[in-house]
Amino acid sequence: MKISELFNIKKAVWSFEVFPPKPTADMSVVHKTLAELAELSPDYVSVTCGAGGTGNRRTAEIARIIGSELKIEPLAHLTCINSSKEDVEKSLAELTEAGVTNILTLRGDRVPGAEESKDFKHASDLAAFVRAHGDFDLGGACYPECHPESASPEEDVENLKKKIDAGVTHLNTQLFFDNDDFYRFCDRLDKAGITVPVQAGIMPLVKKSHVDRTIGLSGAKLPGKISRMIARFYDDPDSLMAAGIAYATDQITDLLSAGARGIHLYVMNNPYVARTITGNVSSILAGINR
Ligand code: FAD
């Protein structure tokens, strides 16, 4: 099913993000992870890809397992910053063969030293290209705390409009830890007349390695409550796991209370985290979607 249609059926969509394993990884481990995630009946599972199209074949392979074998709708990420039109056509063929109809159209992060695409400058260019190349349903990325390259939150939302004009029908946010940033972002979307559904991206900070990576890469603002959690439990794995799950559960409960159209959980290929948080909010989700 197209994800845009899901939003017509459900008041709040519940989905997971996974990343493809390294080419050397044992596929049976990945298979087990995906099967455990599928048991939680998410509305869909998205699969990330490397910038420059380097991870696309693996993305297609994982998406095929999610869709054809596990019967959960896959959403394949596709980047364009280092891709030519021919590269994207090849990726679209691979994704089509894997049974993918939902694509998250992304520019991708700049890779130092890599040659940038002459064909695609922005995600909106990719969205327009993919739209013209098949009956795909398109998602796009958005940034409650503003994309770091945008001059202002208002300019960021004006550029977001171009993505929607190019054919994106739903949005997934960058991770954030302060729900007020999401609510302020929704106000900006309202003012700009953007009405497509937006899913809030929630990253449970449950491991020391996630903390280091997330803070380093995303540049997300850390409210006092989560800074205290990290400071206190950074070297205590069990407590960090429990506290990180509790923080994400609290964040999600507030977002669903405020009427968010969905939650996209960055589960970092960890079925335990996905299972525990899904269990914590399943009655709320069932009530909203009743
Ligand atoms: P764009 O929409 O092109 O935006 C980038 C910048 O350009 C912004 O400042 C924007 O305001 C501006 N801009 C956009 N359109 C225009 C325009 N027409 N004219 C002028 N300015 C414009 N990266 C990966 O490599 N692989 C992944 O799988 C992946 N998954 C992601 C999933 C989500 C939900 C999110 C939020 C991000 C993901 N990323 C991924 C990271 C993403 O690629 C980066 O954040 C990247 O820097 C921007 O991508 P974008 O698609 O938002 O780009």
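These numbers were taken from a predicted model, which means no experiment stands behind them. (Residues numbered from 1 in each chain as written. Predicted model: local features only at pLDDT ≥ 70, side-chain atom pairs only at ≥ 80, totals over all residues. Heavy atoms only, no water.)

Draft legend 1. Expanded view of the environment of Met-27. The residue Met-27 is located in helix H2 (residues 27–38) in this model. Between the C-alpha atoms of Met-27 and Thr-276, which are 249 residues apart in sequence, the distance is 24 Å. (Helix = DSSP H or I, 4+ residues; strand = E, 2+ residues; numbered from the N terminus.)

Draft legend 2. Quick peek at helix H11 (residues 271–289). With 19 residues, H11 extends only 23 Å from end C-alpha to end C-alpha; this falls clearly short of the ideal 27 Å at 1.5 Å per step. In this fold, the buried residues of H11 make contact with strand E1 (13–18), H2, helix H10 (237–257) and strand E8 (262–266). Measuring from the backbone nitrogen of Tyr-272 back to the side-chain oxygen at the start of H11 gives 3.0 Å, which picks out Asn-270 as the cap. (Expected span 1.5 Å × (residues − 1). Contact = heavy atoms within 4.5 Å. Polar contact = N/O pair within 3.5 Å; in protein donor to acceptor, adjacent residues only side chain to side chain.)

Draft legend 3. Expanded view of the site of the ligand. Taken together, 26 residues form the shell around the ligand, and within it Cys-49, Asp-109, Tyr-143, His-147 and Ser-150 come nearest. The backbone of Gly-108 places a nitrogen or oxygen atom 3.0 Å from an oxygen atom of the ligand. One nitrogen or oxygen atom from the side chain of Tyr-143 is found 2.6 Å from an oxygen atom belonging to the ligand. Taking 970 Å² as the accessible area of the ligand by itself, protein coverage stands at 87%. At the level of secondary structure, the elements contributing two or more residues to the shell around the ligand comprise helix H5 (123–131), helix H6 (153–165) and strand E6 (168–173). Element by element, the count of residues in the shell around the ligand is highest for H6, at four residues. Across the shell around the ligand, the residue classes break down as eight nonpolar, 12 polar and six charged. (Near = heavy atom within 4 Å. Areas by Shrake-Rupley, 256 points an atom, 1.4 Å probe, with all protein chains shown as cover. Nonpolar A, V, L, I, M, F, W, Y, C, P; charged D, E, K, R; others polar.)

Draft legend 4. Representation of the side chain of Glu-36 within the structure. Within the secondary structure, Glu-36 is located in helix H2. The buried category is assigned to Glu-36, whose relative accessible area is 19%. Setting aside residues up to four positions removed in sequence, Glu-36 forms contacts with Pro-271 and Arg-275. (Buried < 20%, exposed > 50% of the residue type's maximum accessible area, 1.4 Å probe, protein only.)

Draft legend 5. Up close: the state of the cysteines. Summed over the entire model, instances satisfying the criterion amount to zero disulfides. Cysteine Cys-49 shares no disulfide, and the gap to the nearest cysteine sulfur, in Cys-80, comes to 9.7 Å. (Disulfide = S-S within 2.5 Å.)

Draft legend 6. Expanded view of the layout of surface pockets. Here the second largest pocket is characterised by a volume of approximately 280 Å³. Lining the second largest pocket are 14 residues, and of these Cys-186, Asp-190, Val-196, Val-198 and Arg-261 sit closest to its centre. Of the residues forming the lining of the second largest pocket, the biggest block, five residues, is contributed by helix H7 (residues 179–192). In the lining of the second largest pocket, the residues fall into 10 nonpolar, two polar and two charged. (1 Å grid on protein atoms, 1.4 Å probe; cavity = no way out; pocket = protein on both sides within 12 Å on 5 of 7 lines; lining within 4 Å. Points joined across faces, edges and corners; volume = space filled by probe spheres on them.)

Draft legend 7. Layout of the nonpolar core. Ranked by internal contacts, the top residues of the largest apolar core, which has 66 residues, are Trp-14, Phe-16, Val-18, Ile-103 and Ile-252. Examining the composition of this core, we find that six residues originate from one element, H10, more than from any other. Beyond its immediate chain neighbours, meaning those up to four positions away, Ile-252 contacts Trp-14, Ile-202, Ile-263, Leu-265, Ile-277 and Val-281. (Core = buried A, V, L, I, M, F, W, Y, C linked by side-chain atoms within 4.5 Å.)

Draft legend 8. Quick look at the packing of helix H3 (residues 56–69) against helix H4 (residues 85–97). H4 packs onto H3 with a crossing angle of 20° between their chain directions and a minimal axis gap of 9 Å. Here H3 is positioned roughly parallel relative to H4, judged by the angle of their axes. Considering how the two elements wind past one another, H3 and H4 form a crossing that is right-handed. Here Asn-56, Arg-57 and Ala-60 of H3 lie close against H4, whose contacting residues are Lys-90, Ser-91, Glu-94 and Leu-95. Considered class by class, the residues forming the contact of H3 with H4 number two nonpolar, two polar and three charged. (Axes fitted to C-alpha atoms, helices over the stretch in contact; angles between N-to-C directions. Parallel < 35°, antiparallel > 145°, perpendicular 65-115°, else oblique. Left-handed = near helix turned anticlockwise from the far one by under 90°.)

Draft legend 9. Main features of empty space enclosed by the protein. Taken as a whole and judged by the stated rule, the model has one cavity of 30 Å³ or more. Examining the composition of the lining of the largest cavity, we find that three residues originate from one element, H2, more than from any other.

Draft legend 10. Structural view of the pattern of salt bridges. Following the criterion strictly, the structure yields 16 salt bridges and no others. Note that Lys-2 and Asp-135 form a salt bridge whose closest N and O atoms lie 2.8 Å from each other. With Lys-2 in the segment before helix H1 (3–9) and Asp-135 in the loop between H5 and strand E5 (137–142), the pair connects residues that are 133 residues apart, well separated along the chain. The salt bridge partner of Glu-116 is Arg-110, with a shortest N-O separation of 2.9 Å. Among the charged side chains, a network of salt bridges with common partners joins Arg-107, Arg-110, Glu-116 and Glu-149. (Salt bridge = Lys/Arg side-chain N within 4 Å of Asp/Glu carboxyl O.)

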